[in-house]
Amino acid sequence: MNALTFNAGFAPSRIRLVDIRRRQLLTAQLRMLLLGAGFLFCALLALLRIAWLGVVQPAPAEHSMAQALLPPRGEITDRNGVPLARAFPAYALWYNPDALGDGGSPLVKSPAEVAARLHAVFPDLDVAETTRFLAAGKAGYIRRRVLPEEVNAVNAIGELALETPAEEDRQYPQGRLAAHVLGYVADDGHGRVGMESYLDNRLLDPSERGKPVPLSIDVRVQGALEDELRSGMEAVNAIGAAGIVLDVDSGEVLALASLPEFDPNRIDTQGAKNMFNRATNEVYELGSTFKPITVAAAMDAGVVTDLSKRYPATPLHVDGFTIHDDENLGPTLNVPETLIHSSNIVSAQIADQLGGKRFKRVLEDLGMNERPYIELPARGFPIWHKGDWPRLRTMTVGFGHGIAVTPLHLAAAYSALVNGGIWRPATLLKVKPGDEARGRRVFTEATSARMKQLLRMVAVYGTGRKANAPGFRVGGKTGSAEKAAAGGYDRSQVVATFASAFPMDKPRYVVVVMLDSPQKVAASSYQRTAAWNAVPIVGRLIPRIGPLLGVMPDDNRDIDLSDLKPLVGDGGGNE
Amino acid sequence: MTQQSRLRRMGWLAVLSLCTVCYLALHLKVHAVQSEVVRSERQIIALENRRMLLETEFETRASQEQLASWNRLDFGYAAPAAGQFVENERQLAKFGTPRGPGAPAPILVAAVTSGEKAPSFANFVSPLGKPVDERLLEPDAAHHDVAERTGATISIPLAAAIGNVRE
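Small disclaimer: the values here were computed from a predicted structure and weren't measured.

**Quick word on the overall build of chain A**
Helix and strand counts for chain A stand at 18 helices and 19 strands. Summarising its shape, the C-alpha atoms of chain A cover approximately 170 × 60 × 50 Å along the three principal directions. Expressed as a percentage of contacts within chain A between residues at least 6 apart in sequence, the contacts between residues at least 24 apart total 72%. Accessible surface, chain A as shown: approximately 26300 Å² in total, 55% of it carbon and sulfur. Mean positive and mean negative side-chain charge positions of chain A (63 and 63 charges, respectively) differ by 7 Å.

Given below as C-alpha cells:
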C-alpha cells in the first residue's frame, strides 16, 4: 500500500516535469523561429535597401576638392603669369517675386524703401529705376556682380525676394587693358572677340582648364603702350589709334592695342561699338612706311646697288597721273635722302625699275596678300590686287598707296626688314625659347643690315627725330597717307603711322603706332603728318618699355652710320 | 554540454564581442577622420576662393591704368635715362677719377695673417710689475685661444697695441 501510495504520489509530478520540459522546448523553438524570422526580415530589408539604392536612388555626387578648385573656365595670364582673365565664384542679385509664396505682395517693405536700402549697399544704383523694377513684380537681375560683403548686407535687409544666387564670374583685373586681345565672355558662357573666343574650347576643357594659358602679352608693356597711345591720340583729337610691339625674333606680340577700347567687365552699347580692332582688322593705306620695303626689295633684286646713285626728283607723269612730293626736295636725291625726306617720286622710280612682278612677290612673301597671321578672330583682308600690276600701280605701291594692309602686316614686315630678313607669323601665345616659328627668308642678311642703317638715319636725320630716345638707338619710318574717300583722297584726313624698331644695332622689338585722322592742333604744332603726332608717342613709349624688355639705354653704343653719313650731307629733313 | 565546451563558447563570444566593439570604435574613428578631412577640404576651398577674390581685388586696384594715373598725379616718375644704367665693369670704372697732380697717395690698408710672417706677441707687463693676464704672457696659447673663439685668423693690431703698452 505504501509502495502504491508512493508510486501514486510520484507519477503525477514526473508527468508534470515532462510536460514543463516539452513546453519549454516548444517555447525555445518558437523563439528560435521568431529570431530566425527577425534575421530574415532584416536581411530582406537590407536587400530591398540595396535594390532601392541601386535602381531608384541616384548615386550621391562625388565632391572632390580637385573638382571644386577647378575653375569653370581657364585663366588667361600674360607672359609673366599676371592674371588677365579669371573665373571666380561670385554672386548675383536676383529679384524673385514668388519667393514668399503667399500670392500677396512680393516684398515685406515698400519697393521704395527696399530700393533705398539697396542704394545704401550699392551707391551707384539708380533708386527710381530700381523702385519701378521692384514694383513691377517681374523676376530679373538687379545686379550681375555682387561681392560677398555686399551679399551679407543685402541679406541683412531681410527681404526673401532678394536672392543672391552663386554665379561664376569672369573677371578682367586689368579692366580695359588689352581688351581687344582678350575679348570677353558672353552670357552663353562662350568667348567673343579676342583670345577668349580663340581659346574657347581649351578654356572650357575640364582636362586642361586647370592650367592657365600664358599669352605673349607683357602687361607692363601693354599698359605703357595704351597709356602713351591714349594721351597721344587725345592730344591730337584723332578718332582712333592702334599700336603694336612685336618681338622680331619670335614673332610674339608683346603688346597690341586698339583705341578707343571697351571694358570687358561691362559690355554696353558704347563698348560694343569699340570692339572693332584697328590693329588687326582694319586695313589702311599706310603710305611712306612702305618705302623701306620698296628699297629693300630693290636692293635684294640688284636694282639698287649704289646708294649714292642720284635719281631725278621732279614730278613724274605716268598714264595721265602725276606723282609728286609734298615739297620740292631738290633736283635729285639718292636712296638715303629718299627715305630721310620721304620722296614719293624716287620711291616710285625704284619700284618701277624693280618691276611689278618682283615687287609683288616680295610683298606676298611678307604676307600682304592674305589676312594677318594672328590668333584673333578679327583679321582684316588687305586690299590687294591679284594678277599683273600695271606700271602705275607698281609705282604707287612703291610709296604705300594702292595697297591697304593692317598695322600688324606692317609690323611683321618691319621685323623681317630688321631681323636679318626672316618673316615670321605673329602670335599672341607665349613661345618657349627654341620653339619659334621657322619663318621664311624674304630679304638677305646684307639687305637687312643696310636697312637697319637707313631706318636709323631716318630717326637721326629725318622725320623720325622725335622718336630718337637717347640711348635706345631707335630707327623707323614715318608715313602720313591721306584717307581714301568717295572719288579719291580726303586731304583733310590722314592716317599717320610710325613703324620703328629698337635697338638698331641689334634689333629686338618692332613698334608700330598708327593714328587715325589726327587733327592740326597746338600739341602737334598745327601739323598733321606722323612726325608731329605718331613719332613723339614712340619717343615716349620706348624709354618706358625698353628696360622692361631687357634693352638698356646706352649712349656709347649705336649702329655704324659712318659710310652713309656723307651721302646725306648735313642731314635734316622735312617733318 | 561539457564545462570545457561551454567555456570555449563563452571565449568565442567574448572574442567576437571584443572584435565587434573594436570594429565599431574603428568605424567611428574612420568616420570622424573622414568628416574632418571633408571639413578641411571645404575650408581649403573656401580659403582658396577667398584668396582668389582678394588677389583679384588687389590686381584690380593695382591695375596698370591705375598705376599710371597714380604716377601721373602723385609720383611723377619718369623712365630712367641712359646715365642711370651701369652695364659692365668698364662703365663702372668710368666713374672713377684719375689722381690729380700733387694729390696724396691713396691709403692702402694691409693686414698680415698669422700664417705669414706675423711678429709674435710682445709680453704684456703691468705698470705695477705684475702680469695682468696670464694668457697674454703666452702669445701662442692666447693666439690659438682667440683664434678658436672667433673662428677666424687673427691680424696684427693686437700685437702692436701690446708693444706700445710695454714701452
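The structure having been displayed, the exposition proceeds.
**Quick notes on the overall build of chain B**
Looking only at helices and strands, chain B features six helices and zero strands. Listing each helix as α and each strand as β along chain B from the N terminus yields α-α-α-α-α-α. Residue burial in chain B is summarised as follows: out of 167 residues, 12% are buried. For chain B, restricting intrachain contacts to residue pairs at least 6 apart in sequence, the fraction spanning at least 24 positions comes to 44%.

**With respect to the pairing of strand β9 (residues 240-247) of chain A**
Residue and element names in this part refer to chain A. Of all the eight residues making up β9, eight are buried; the element is thus mostly covered by neighbouring parts of the structure. Side chains Gly240, Ala242, Ile244 and Leu246 project from β9 onto one buried face, and the interleaved Ala241, Gly243, Val245 and Asp247 project onto a second face that is buried too. Inspection of the sheet shows β9 paired to strand β19 (residues 509-516) by eight bridges, in the antiparallel sense. Pairing of Ala242 across the sheet is with Met514, part of β19. In terms of strand pairing, β9 meets strand β10 (residues 253-259) through six bridges, oriented antiparallel. Residue pairing for β10: Val245 is matched across the bridge by Ala255. Counting the residues that bridge the hairpin from β9 to β10 gives five residues, and of these Gly251 lies at a positive phi of roughly 80°.

**A short note on the sheet that holds β10 of chain A**
Residue and element names in this part refer to chain A. Across the sheet, which stays open at both edges, the five strands sit in the order β10-β9-β19-β18-β17 with antiparallel pairing between neighbours. Every interior strand has two partners, whereas the edge strands, β10 and β17 (475-485), have only one. Pairwise comparison of adjacent strand axes, ignoring direction, gives a mean angle of 15° for this sheet. Relative to strand β18 (residues 488-502), β17 runs antiparallel, the two sharing 11 bridges. Looking at the pairing, Ser480 lines up with Ala496 of β18. Each of β9, β17, β18 and β19 touches helix α18 (residues 530-545); the most contacted strand, β18, lies at about 25° to it.

**Section: the interface of chain A and chain B**
On the side of chain B, 25 residues touch chain A, which itself brings 32 residues to the contact. For the pair chain A and chain B, the two sides together bury roughly 2400 Å², of which 57% comes from carbon and sulfur. Counting the contacts that link chain A with chain B gives five residue pairs in polar contact (both at pLDDT 80 or more). With five residues, strand β2 (residues 83-95) of chain A is the largest single contributor of residues to the side of chain A that touches chain B. Here the residues of the side of chain A that touches chain B sort into 17 nonpolar, six polar and nine charged.

**Considerations on the pattern of salt bridges**
The tally for this structure, following the rule as stated, stands at 37 salt bridges over all chains. Taking the shortest distance from any N to any O, the salt bridge between Arg176 of chain A and Glu65 of chain B comes out at 2.5 Å. In this pair, Arg176 of chain A is assigned in the loop between β5 (166-171) and α6 (179-182) and Glu65 of chain B in helix α2 (residues 64-75), connecting two distinct chains. As a salt-bridge pair, Arg51 of chain B and Glu55 of chain B come within 2.8 Å of each other at their nearest N and O atoms. A residue pair is termed a helical-turn pair when its members lie 3 or 4 positions apart in one helix, as Arg51 of chain B and Glu55 of chain B do in helix α1 (residues 3-61) at four residues. Residues joined by salt bridges that share partners form a network here, namely Glu75 and Arg86 of chain A together with Glu48, Arg51 and Glu55 of chain B.

**Brief notes about the packing of aromatic side chains**
Residues and elements named next belong to chain A. Applying the stated criterion to the full structure yields nine aromatic pairs over all chains. Measuring from centroid to centroid gives 4.9 Å for Trp94 and Tyr141, while their planes differ by 80°, and the two rings are edge-to-face. Of this pair, Trp94 sits in strand β2 while Tyr141 sits in strand β3 (residues 140-146), and the two are 47 residues apart along the sequence. Owing to a relative accessible area of 33%, Tyr141 belongs among the partly exposed residues under this scheme. Between Trp384 and Trp389 the ring centres are 5.2 Å apart and the planes differ by 65°, which places this aromatic pair in the edge-to-face class. A relative accessible area of 11% means that Trp389 is categorised as buried. In this structure an aromatic cluster arises from ring pairing among Phe359, Trp384 and Trp389. Its end group placed over the ring of Tyr141, Arg144 keeps NZ or CZ at 4.1 Å from the ring centre.

**Topic: the confidence of the model for chain A**
Predicted confidence across chain A gives a mean pLDDT of 89, with 96% of residues reaching 70 or more. For the stretch residues 571-575 of chain A, pLDDT sits under 50, and the model shows 18 contacts to residues farther than four places along the chain or on other chains.

**What to know about the nonpolar core**
Nonpolar side chains tend to gather and get buried jointly when the protein is soluble and globular. All names here are of chain A. Core analysis: the biggest nonpolar cluster contains 93 residues, and Leu215, Leu363, Leu366, Met368, Leu454 and Val510 have the highest contact counts within it. Beyond its immediate stretch of four places on either side in the chain, Met368 contacts Phe290, Ile293, Leu363, Pro382, Trp384, Val405, His409 and Ala413. Counting residues in hydrophobic clusters, the runner-up holds 35 residues, among them Val221, Leu254, Ala469 and Phe472.

**Looking at the packing of helix α13 (residues 344-354) of chain A against helix α15 (residues 391-398) of chain A**
Residue and element names in this part refer to chain A. α15 packs onto α13 with a crossing angle of 130° between their chain directions and a minimal axis gap of 7 Å. Overall, the two elements α13 and α15 adopt an arrangement that is oblique. For the pair α13 and α15, the crossing hand works out as right-handed. Along its contact with α13, which presents Ser347, Ala348, Ala351 and Asp352, the element α15 presents Arg391, Thr394, Met395 and Gly398. For the contact of α13 with α15, the residue count by class is three nonpolar, three polar and two charged.

**Considering helix α4 (residues 127-136) of chain A**
Residue and element names in this part refer to chain A. Along α4, the residues that are buried comprise Thr130, Thr131 and Leu134. Projection of α4 onto a plane perpendicular to its axis shows the buried side chains occupying an angular sector of 105°, all on one side. For α4, exposure combined with an orientation more than 90 degrees from the buried face picks out Arg132 and Ala136. Where α4 is buried, its residues touch β2, α3 (111-121), β3 and β4 (162-163). By the N-cap criterion, in which a side-chain oxygen at the helix start approaches the backbone nitrogen of a residue two or three places on, α4 is capped by Asp126, the distance to Ala128 being 3.2 Å.

**Structural notes on helix α16 (residues 407-418) of chain A**
All names here are of chain A. Here α16 contains 12 residues, and its C-alpha end-to-end distance of 17 Å stays within 8% of the 16 Å for a straight helix at 1.5 Å per residue. With 12 of 12 residues buried, α16 lies mostly within the body of the structure. Taken together, the buried positions of α16 are Pro407, Leu408, His409, Leu410, Ala411, Ala412, Ala413, Tyr414, Ser415, Ala416, Leu417 and Val418. Following α16 by one or two positions, Gly420 has its phi on the positive side, about 105°.

The rules behind each value
- Residues numbered from 1 in each chain as written.
- Chains lettered and ligands numbered in written order.
- Predicted model: local features only at pLDDT ≥ 70, side-chain atom pairs only at ≥ 80, totals over all residues.
- Heavy atoms only, no water.
- Helix = DSSP H or I, 4+ residues; strand = E, 2+ residues; numbered from the N terminus.
- Contact = heavy atoms within 4.5 Å.
- Areas by Shrake-Rupley, 256 points an atom, 1.4 Å probe, with all protein chains shown as cover.
- Lys, Arg positive; Asp, Glu negative; His and termini not counted.
- Charge placed at Lys NZ, Arg CZ, Asp CG, Glu CD.
- Buried < 20%, exposed > 50% of the residue type's maximum accessible area, 1.4 Å probe, protein only.
- Pairing = 2+ DSSP bridges.
- Axes fitted to C-alpha atoms, helices over the stretch in contact; angles between N-to-C directions.
- Buried area = accessible area lost by both parts, 1.4 Å probe.
- Polar contact = N/O pair within 3.5 Å; in protein donor to acceptor, adjacent residues only side chain to side chain.
- Nonpolar A, V, L, I, M, F, W, Y, C, P; charged D, E, K, R; others polar.
- Salt bridge = Lys/Arg side-chain N within 4 Å of Asp/Glu carboxyl O.
- Phe/Tyr/Trp six-rings, centres within 6.5 Å; stacked < 30°, edge-to-face > 60°.
- Lys NZ or Arg CZ within 6 Å of the ring centre and 35° of its normal.
- pLDDT = per-residue confidence, 0-100.
- Core = buried A, V, L, I, M, F, W, Y, C linked by side-chain atoms within 4.5 Å.
- Parallel < 35°, antiparallel > 145°, perpendicular 65-115°, else oblique.
- Left-handed = near helix turned anticlockwise from the far one by under 90°.
- Arc of directions from axis to C-beta.
- Expected span 1.5 Å × (residues − 1).

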